[in-house]
Amino acid sequence: MRLVVARCQVDYAGRLTAHLPMATRVLMIKADGSVLVHSDGGSYKPLNWMSPPCSLREGTAEDGRVEWTVTSKTDDQLRILIEEVLHDSSHDLGVDPGLQKDGVEKHLQELLAEHPATLAPGLTLVRREFPTAIGPVDLMCRDAAGLSVAVEIKRRGEIDGVEQLTRYLELLNRDPLLTSGGPVRGIFAAQAIKPQARVLAEDRGIACAVVDYDALRGLDNAEDRLF
């Protein structure tokens with residue numbers, strides 16, 4: 001990766017035209033061929049960019065200043081006129097292993113399968129990924145009375161998740177083997193549940209459970225708490 005800090009002017013010509021007047025910016029040329037123009041603001045999003053595959057040609061403008069011309073496979077062009085280079089360095093970052101997320105639904109499902117009683121007292125696991133005609137239910141459990149309980153797990157509990165569990169429950173409650181002692185009820189579990197999703201769930205008779213991920217992993221030690 002090449003990083004250049006420079007006072008530059010940037011003009012884009014293609015499906016639309018865009019102009020960035022002269023200012024100090026970061027120019028990033030990645031190993032995949034992409035070119036990005038960043039300012040000291042706007043979070044992660046570049047001011048302008050050219051996605052790979054593209055070609056970069058360094059030349060000289062009519063006034064003697066350095067000019068980069070970046071051309072895409074569709075002949076769109078990004079012209080960068082450089083007035084002053086403040087920094088120019090190249091770095092070999094190697095192969096990135098990729099983002100490893102912590103607390104995703106799969107991990108929550110594994111932990112809750114090991115500790116279903118954290119969702120409701122007396123709850124025991126029957127099966128993970130319980131099959132239905134429209135997809136698997138995350139956990140199928142039984143409560144203390146022996147009745148079937150379907151659990152849908154999300155990182156963030158939103159209305160779509162409630163709708164998904166509702167569809168599962170409609171199918172599960174047609175199965176006489178699951179409903180011999182009474183209807184299958186649902187639990188909607190998430191690390192955070194939006195108020196609208198909670199209202200919809202409770203209106204449909206679905207219980208909501210907010211999951212403490214750290215506590216499930218044994219990282220939340222009550223003895224370390226001040227309150």
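So, a few notes on the structure that sits alongside this text. (Residues numbered from 1 in each chain as written. Predicted model: local features only at pLDDT ≥ 70, side-chain atom pairs only at ≥ 80, totals over all residues. Heavy atoms only, no water.)

This brings us to the overall build of the protein chain. Of regular secondary structure, the protein chain possesses 4 helices and 12 strands. Computed over the C-alpha atoms, the radius of gyration of the protein chain is 28 Å, more than 25% above the 17 Å expected from 2.2 N^0.38 for a compact globule of 227 residues. The dimensions of the protein chain, computed from C-alpha atoms along their principal axes, are 85 × 45 × 30 Å. Residues classed as buried in the protein chain amount to 37% of the 227 residues present. The contacts in the protein chain between residues at least 6 apart in sequence include a share of 48% that link residues at least 24 apart. For the protein chain, the accessible area works out to roughly 13,700 Å², and carbon and sulfur atoms hold 51% of it. Distance between charge centres in the protein chain, computed from 26 positive and 34 negative side chains, equals 4 Å. (Helix = DSSP H or I, 4+ residues; strand = E, 2+ residues; numbered from the N terminus. Rg over C-alpha atoms; globule rule 2.2 N^0.38 Å. Buried < 20%, exposed > 50% of the residue type's maximum accessible area, 1.4 Å probe, protein only. Contact = heavy atoms within 4.5 Å. Areas by Shrake-Rupley, 256 points an atom, 1.4 Å probe, with all protein chains shown as cover. Lys, Arg positive; Asp, Glu negative; His and termini not counted. Charge placed at Lys NZ, Arg CZ, Asp CG, Glu CD.)

Taking burial as the measure, the 6 residues of strand β9 (residues 137-142) include 5 buried ones, the bulk of the element. The sheet contact formed by strand β8 (residues 124-130) and β9 spans 5 bridges and is antiparallel. Bridge pairing links Phe130 to Val137 in β9. The antiparallel pairing of β8 with β9 creates a hairpin that spans 6 residues between the two strands, and Gly135 there sits at a positive phi of about 130°. In terms of strand pairing, β9 meets strand β10 (residues 148-157) through 4 bridges, oriented antiparallel. Residue Leu139 lies in a different strand from β10, and its bridge partner there is Val151. Joining the antiparallel neighbours β9 and β10 is a turn of 5 residues, in which Gly146 adopts a positive phi near 85°. (Pairing = 2+ DSSP bridges.)

A sheet is described by the order of its strands in space; here 5 strands give the open sequence β8-β9-β10-β11-β12, paired in mixed fashion. Only two strands of the sheet have a single partner each, and these edge strands are β8 and β12 (207-210). The mean angle between the axes of side-by-side strands here comes to 30°, regardless of whether they run parallel or antiparallel. As judged from the 8 bridges shared by β10 and strand β11 (residues 185-193), these two strands associate in the parallel manner. Considered in β11, the bridge of Gly157 is made with Ile193. Against the sheet, helix α1 (residues 105-114) touches β8, β9, β10 and β11, its axis set at about 145° to β10. (Axes fitted to C-alpha atoms, helices over the stretch in contact; angles between N-to-C directions.)

This paragraph deals with helix α3 (residues 195-203). Along an α-helix, residues three or four positions apart point the same way, because every turn accommodates 3.6 residues. Inspection of α3 places Ala197, Leu200 and Ala201 among the buried residues, and these make up the whole buried set. For α3, the arc enclosing every buried residue in end-on projection is 100°, short of the 170-degree limit, so these residues lie on one face. Every exposed residue of α3 that faces more than 90 degrees away from the buried side is listed here: Pro195, Val199, Glu202 and Asp203. Buried residues along α3 sit in contact with β10, α2 (159-172), β11 and β12. Backbone geometry just after α3 places Gly205 at a positive phi near 80°. (Arc of directions from axis to C-beta.)

Another point: unusual backbone geometry. A cis amide bond links Pro52 to the next residue, Pro53, at an omega of 0°. Mapped onto the elements of the fold, Pro53 is located in the loop between β4 (48-50) and β5 (54-60). One non-glycine residue with positive phi stands out, namely Asp75, at about 70°. Its location among the elements puts Asp75 in the loop between β6 (66-72) and β7 (77-90). The backbone of Glu129 sits at a positive phi, close to 50°, despite the residue not being glycine. When you line up the elements, Glu129 lands in strand β8.

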